[in-house]
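For reference, the chains in residue letters:
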Amino acid sequence: MMSELLRKEPSIAIGVPEHEADAAWAGAQISREMPTAPTGALTRGLRQKQAQPLLAQLQTRLKLAPETFEAISTALFETGERVLDESNIAFALETLFDFESIGSGRLKPIILVGASNEVRGGAAVALSHRLQRMGRTVAFYSFDHKQYERTSASYHAGLDILNVYSAEDCIEAVGAADFGDLCIIEASCLSAGQECPQSYTMLSRGLNAEIVYVHDGSRDALAPGLQDADISRMILSGRLDRLALGAVLDAAYKNSWAFSGYCSPKGIAYEATALTLAERLARAVI
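Definitions and cut-offs
Residues numbered from 1 in each chain as written. Predicted model: local features only at pLDDT ≥ 70, side-chain atom pairs only at ≥ 80, totals over all residues. Heavy atoms only, no water. Axes fitted to C-alpha atoms, helices over the stretch in contact; angles between N-to-C directions. Helix = DSSP H or I, 4+ residues; strand = E, 2+ residues; numbered from the N terminus. Parallel < 35°, antiparallel > 145°, perpendicular 65-115°, else oblique. Left-handed = near helix turned anticlockwise from the far one by under 90°. Contact = heavy atoms within 4.5 Å. Nonpolar A, V, L, I, M, F, W, Y, C, P; charged D, E, K, R; others polar. Pairing = 2+ DSSP bridges. Buried < 20%, exposed > 50% of the residue type's maximum accessible area, 1.4 Å probe, protein only.

(A) Looking closely at the packing of helix α9 (residues 242-255) against helix α10 (residues 274-285). Two elements in contact, α9 and α10, have axes separated by 10 Å at closest approach and are oriented at 135°. As the angle between them shows, α9 and α10 are arranged oblique. Crossing of α9 against α10: the hand is left-handed. Between α9 and α10, the residues in contact are Arg242, Leu245 and Leu249 and Leu277, Arg280, Leu281 and Ala284, respectively. Looking at the contact of α9 with α10 residue by residue, the class counts come to five nonpolar, no polar and two charged.

Printed below as a string of structure tokens:
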């Protein structure tokens, strides 16, 4: 056995050349590899795996088209938040859809199409009241494809309404409106069961108007005439169940429609935001 006097602890002599000192120090250390942290891709993959049951529930309850479901699912994982938190859903919807309210600065006439006469008319009245509270003067027209015997004026819900007999009469009446009025026309020419493409084309081109679709909360697909219509935005009216909400998201994503507000059953118009839509989607899934 070696005597304790002959044992030596590893040491570095003073005055030893620098490269030899480094070599001696390295030999005295224990070699350890640094732990590898999960990469962003791995973290996202784990989150996606954990969220699969929730995503399956989203698809099952809303019956989204594959393209819409894929786009929303991808957007939900862009942040590190919980997948179906309302704030995370709102972020995802805001990246995929446009939210543009009908404000006080617009000059082009607005034609409301879709839904039933009652729902569309209620949305037009609610929108007119909201714009008036914002300080905008509104000229209100109702076109029900020769429902009236002649063009006549009426008064409803505090609004003066001109009921026009034909598309030609509507164009003439809007052309005679006071400068600065925002003209709102609720038109039946593309309502379900009353599609009159000729009248619609005459109105949209003759007035150079913006077309806004009113969704009445039904689950049915869009009326055939609306597929080719130059619609830019959508107003939600009525109560949306899960399948109706899925149909709305599909239509907005497929056609690049902006959400421009929603009307309550009491006839009050609100601005549409990503958060309000996210609240509805969260309630539909959870």
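Let us keep going from here.
(B) View of the sheet that holds strand β7 (residues 231-237). Taken together, the nine strands give an open sheet; going across it, the order is β3-β4-β2-β5-β1-β6-β7-β8-β9, and neighbouring strands pair in mixed fashion. Of all the strands in the sheet, the pair left with one neighbour each is β3 (152-156) and β9 (269-270). By the bridge criterion, four bridges tie β7 to strand β8 (residues 258-263) in an arrangement that is parallel. Counterpart to Met234 in the pairing with β8 is Phe259.

(C) Representation of the packing of helix α3 (residues 66-76) against α9 within the structure. Running from N to C, α3 and α9 point in directions that differ by 90°, and their axes come no closer than 9 Å. In terms of axis orientation, α3 runs roughly perpendicular to α9. Seen from α3, the contacting residues are Glu67, Thr68, Ala71 and Ile72; seen from α9, they are Leu249, Asp250 and Tyr253. Partitioned by chemical class, the residues of the contact of α3 with α9 number four nonpolar, one polar and two charged.

(D) Inspection of the side chain of Ser128 at higher detail. Along the chain, Ser128 turns up in helix α5 (residues 117-133). Overall, the relative accessible area of 0% leaves Ser128 in the buried class. Apart from the residues within four sequence positions on either side, Ser128 is in contact with Val138, Phe140, Leu159 and Ile184.

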